[in-house]
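# Descriptive analysis of the structure
Listed below are the residues making up each chain.
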Amino acid sequence: MGLVRAVSVRDGGAALPRGFWTAVRVWLEKPQVANRRLCGAAIEAEGTVALGEGGEESPSFAAVRGSEEQGERVAPAGAAELGRLWREVCTQLSPGHGNLPSPLTPWAGPDPRAELRAVLRTLLPRSSPAGPPAPPMKELAVQDVYNGTVTFLPLEKNSEGKYEIKKCNIYQIQLVYIKDEEWSVSVVAPFPEDWFSDGIAYPKLAWLGSELLSKVAKWSVEQKPSEFKSTLSLISVAKYSKVYQDLKGKYKEMVKVWPEVTDPEKFVYEDVAIATYLLILWEEERKEKGLTKKQSFVDLGCGNGLLVHILNNEGHSGRGIDVRRRKIWDMYGPETHLEESAIVPGDTHLFPDTDWLIGNHSDELTPWIPVIAARSSYSCRYFVLPCCFFDFYGKYSRRQSKKTQYREYLDFVGQVGFMCGFNVEEDCLRIPSTKRVSFIGKSRTYPPTEHALIDKQITLYINNRQTCAVVVCDRKVACNHKDHSDDVCKEAGSELPKNETETAGTIWMPGFQPREKVEQIRNCASLPRDFVDDVVLSVANLLLNATPQKSCYAMNDGNTNTWNQGESLSLKEVAEHLNKETLKRLKSEYGGLQTLLKNNHQVFEVLNGRVHIRDWRKEKPSRKTKPEVKRRLSAEAFKTRLCWFFSHHPDGCSLPSESCPYAHGTEELRQSQKIKKKKHIQ
């Protein structure tokens with residue numbers, strides 16, 4: 001037996017041993033969080049096994065994932081395969097067949113009927129641009145809860161097509177209690193000298209002992225439960241991996257010709273990932289319902305339109321609508337259907353002939369997506385990916401303090417779908433964004449005959465959002481809504497006031513404001529320079545004169561002087577000293593006073609809500625080491641602006657001229673060299 005490495009962990013919160021098995025589950029289901037060369041794992045089947053006399057097993061299996069060839073979510077064949085593999089494993093690992101050390105054969109312990117849990121998984125390698133993707137690898141994980149071990153048995157097919165254990169790559173993760181609050185987590189391998197690393201599914205043993213072990217140890221004592229579902233919990237991870245890599249290869253050239261100011265890699269690969277998810281979701285829906293025609297869609301608030309472009313190219317008829325046309329729309333061609341139009345929730349914006357409505361970062365339309373889907377037709381479904389926090393009538397206002405703002409808003413969006421009569425499912429996407437949770441409404445909770453009643457319920461619910469506080473539903477979106485929704489359902493059976501009925505017949509929310517067609521830039525960058533200079537000088541003088549002179553020695557042009565660093569004040573204190581007209585003008589900009597001060601980083605430093613005069617002597621030097629001559633030349637080339645401290649600070653600049661990145665006088669100014677971006681010719 002070879003000990004790869006062991007680490008000690010302290011458990012002050014009584015997380016162990018339960019936390020250890022939670023960590024093992026993460027490694028089983030989401031190995032890509034530790035091994036970046038994997039894109040995931042497909043759990044094929046799992047179940048408990050009890051060993052009888054003579055190695056006979058008495059299985060109780062549960063298949064959780066069917067074969068990818070069959071495309072089934074749950075297949076009875078999974079349990080049969082697990083049972084067959086278990087019998088073969090018992091034969092290969094029994095005494096006299098391989099002479100494995102006892103820690104790797106926990107079923108040989110004193111209790112011959114010790115219960116174990118077996119998990120069959122397939123490791124899915126991430127494709128490499130340098131060559132074809134590596135084949136998936138099957139692995140059987142055997143968990144012995146009593147002894148605190150989980151053993152990973154890699155499987156490979158022999159010439160007869162049967163699976164055999166690849167004994168050289170067996171490894172085990174162990175949890176051992178030491179004393180008091182101290183535990184030990186370790187990785188062991190029976191044949192370390194024979195370990196074979198393919199660099200993908202099986203990295204080097206040193207990686208298991210450093211990277212994997214440290215993560216398992218950390219996860220074992222983390223007390224914070226996840227607020228969200230597992231990533232890609234509603235679709236096949238293996239199928240997602242294949243389709244994503246295909247689409248990524250097909251649309252990666254978009255990154256090179258992206259004409260928008262947004263980050264091309266983020267937006268291109270994010271839309272590729274969302275398109276992948278929808279394509280698989282819709283493919284599984286067609287199989288469930290026995291459909292042959294691909295689903296139609298409308299993307300409300302489609303933005304750059306790339307998601308629409310991909311879905312159209314993959315054979316789905318549909319269009320995107322957005323209030324503002326983007327430059328990139330002209331690059332897609334006539335096959336991609338995009339419309340420039342403002343959407344106001346009402347009877348004029350229904351889509352009775354559309355299968356799916358999409359709300360991908362749809363801002364103020366986000367809570368309206370389930371409503372529009374419910375009222376478009378009984379068969380209309382929806383997919384929504386919430387980002388910015390909007391209610392039906394404006395910005396979303398928090399009503400709870402025990403949840404994060406994001407979780408609370410997600411619960412609200414989920415509740416909207418439930419109140420609209422949908423069985424709401426939640427899933428977490430694999431996209432380069434912090435807002436990754438999506439909601440899917442594929443089916444209804446009511447028969448078609450109750451459509452009118454549900455429509456009244458929707459109207460009452462929307463109106464109540466304006467007039468009273470609503471208790472946000474439990475995170476189990478479609479299961480637990482007894483707090484407020486029952487009252488809404490009861491009231492929905494009665495007649496609505498006349499004015500509410502009339503409102504529902506035309507525009508559903510009078511006063512609803514769609515996004516402006518021309519996006520306003522409000523980051524203080526468009527404010528007049530004279531106004532900004534006056535505010536900067538006023539705040540600087542306020543800090544310099546806040547207390548008796550706070551001085552320190554500084555070298556300024558070769559002379560030793562005291563240099564006033566000023567005092568720090570909170571943003572609130574600074575704001576109290578500015579006149580009302582100035583504050584009113586700043587409030588019209590996103591970020592207000594704080595944004596203006598941060599924009600003027602030459603003069604100010606804003607940390608933890610407090611404003612300081614920046615001391616350039618304390619600035620960290622660049623990590624890149626350059627020869628002295630090159631540093632001096634680059635400093636000269638950088639001097640395209642005057643030094644504020646040289647011109648306005650009572651003690652001048654704290655740095656000598658040759659060290660200051662700004663010009664000490666107009667004679668030091670250099671011509672700004674702007675690098676022109678190459679225009680991509682279509």
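Keep in mind the model is a prediction, meaning the values are calculated, not measured.

## A short note on the overall build of the chain
Along its length, the chain carries 18 helices and 21 strands. In the chain, which comprises 682 residues, the share counted as buried stands at 49%. Considering only contacts in the chain between residues 6 or more positions apart, those separated by 24 or more positions represent 66%.

## Details of the packing of aromatic side chains
All told, the structure shown has 24 aromatic pairs when counted by the stated rule. When the ring of Tyr382 is compared with that of Phe422, the centres are 4.9 Å apart and the planes differ by 85°; the resulting orientation is edge-to-face. Within this pair, whereas Tyr382 is found in strand β14 (residues 381-385), its partner Phe422 is found in strand β15 (residues 422-428), the two being separated by 40 residues in sequence. On the basis of relative accessible area, Phe422 is assigned to the buried category, the value being 0%. Every member of this aromatic cluster is reached through a ring pair, and the members are Trp368, Phe389, Phe392, Tyr396, Tyr406, Tyr409, Phe412, Tyr461 and Trp508. Over the aromatic face of Trp508 sits the side chain of Arg375, whose NZ or CZ is 4.7 Å from the ring centroid. Lying across the ring of Phe531, Arg585 places its NZ or CZ 4.5 Å from the centre.

## A word on the confidence of the model for the chain
Low pLDDT marks stretches whose predicted atomic positions should not be read closely. Model confidence for the chain is summarised by a mean pLDDT of 79, while 75% of its residues fall at 70 or above. Counted against residues more than four places away or in other chains, residues 553-560, with its pLDDT under 50, gives 22 contacts. With pLDDT under 50 throughout, residues 674-682 is counted as low confidence; its partners more than four residues away or in other chains account for four contacts.

## Quick look at the sheet that holds strand β21 (residues 610-613)
In spatial order, the strands read β19-β21-β20; together these three strands make up an open sheet with antiparallel pairing. Of all the strands in the sheet, just β19 (569-570) and β20 (604-607) have a single pairing partner and so form its edges. Note that β19 and β21 share two bridges and pair antiparallel. Note on β21: the bridge partner recorded for Leu569 is Val611.

## Re the pattern of salt bridges
What the rule picks out here adds up to 25 salt bridges. Between Glu29 and Arg25 there is a salt bridge, with the nearest N and O atoms lying 2.8 Å from each other. In this pair, Glu29 and Arg25 are both assigned in helix α1 (residues 18-29), four residues apart and thus about one turn of the helix distant. Judged by its relative accessible area of 28%, Glu29 is partly exposed. Across the salt bridge formed by Asp411 and Lys403, the nearest N and O atoms sit 2.7 Å from each other. Residue classification places Asp411 among the buried residues on the basis of a relative accessible area of 0%. Looking at Lys403, the relative accessible area reads 22%, which means it is partly exposed.

## Here we look at helix α8 (residues 368-376)
Counting buried residues in α8 gives nine out of nine residues, a clear majority hidden from the surface. Of all the positions in α8, only Trp368, Ile369, Pro370, Val371, Ile372, Ala373, Ala374, Arg375 and Ser376 are classed as buried.

## Structural notes on the nonpolar core
In this structure, Tyr277, Leu311 and Phe383 are the most contacted members of the largest nonpolar core, which totals 44 residues. Among the elements of the structure, α4 (237-251), α5 (264-289), α6 (306-313), α7 (329-332), β13 (356-360) and β14 are those that each provide at least two residues to this core. A total of twelve residues in this core trace back to one element, the largest contributor, which is α5. The contacts of Phe383, once residues within four sequence positions are left out, are Ile274, Tyr277, Leu278, Trp356, Leu357, Ile358, Gly359, Leu429, Ser438, Phe439 and Ile440.

## Let's talk about the environment of Gln415
On the secondary structure map, Gln415 appears in helix α9 (residues 405-419). Its relative accessible area of 1% is what places Gln415 among the buried residues. Between the C-alpha atom of Gln415 and that of Pro370, which follows or precedes it by 45 residues, the distance is 10.0 Å.

## Section: the pairing of β13
Counting buried positions along β13 gives five out of five residues, so the element sits mostly inside the fold. Side-chain alternation along β13 places Trp356, Ile358 and Asn360 on one buried face and Leu357 and Gly359 on a second face that is also buried. The pairing of strand β10 (residues 297-300) with β13 spans three bridges and is parallel. Looking at β13, one finds that Val298 is bridged to Leu357. Pairing analysis gives five bridges linking β13 to β14, with the strands arranged parallel. Residue pairing in the sheet places Asn360 in a bridge with Leu385 of β14.

The rules behind these values
Residues numbered from 1 in each chain as written. Predicted model: local features only at pLDDT ≥ 70, side-chain atom pairs only at ≥ 80, totals over all residues. Heavy atoms only, no water. Helix = DSSP H or I, 4+ residues; strand = E, 2+ residues; numbered from the N terminus. Buried < 20%, exposed > 50% of the residue type's maximum accessible area, 1.4 Å probe, protein only. Contact = heavy atoms within 4.5 Å. Phe/Tyr/Trp six-rings, centres within 6.5 Å; stacked < 30°, edge-to-face > 60°. Lys NZ or Arg CZ within 6 Å of the ring centre and 35° of its normal. pLDDT = per-residue confidence, 0-100. Pairing = 2+ DSSP bridges. Salt bridge = Lys/Arg side-chain N within 4 Å of Asp/Glu carboxyl O. Core = buried A, V, L, I, M, F, W, Y, C linked by side-chain atoms within 4.5 Å.

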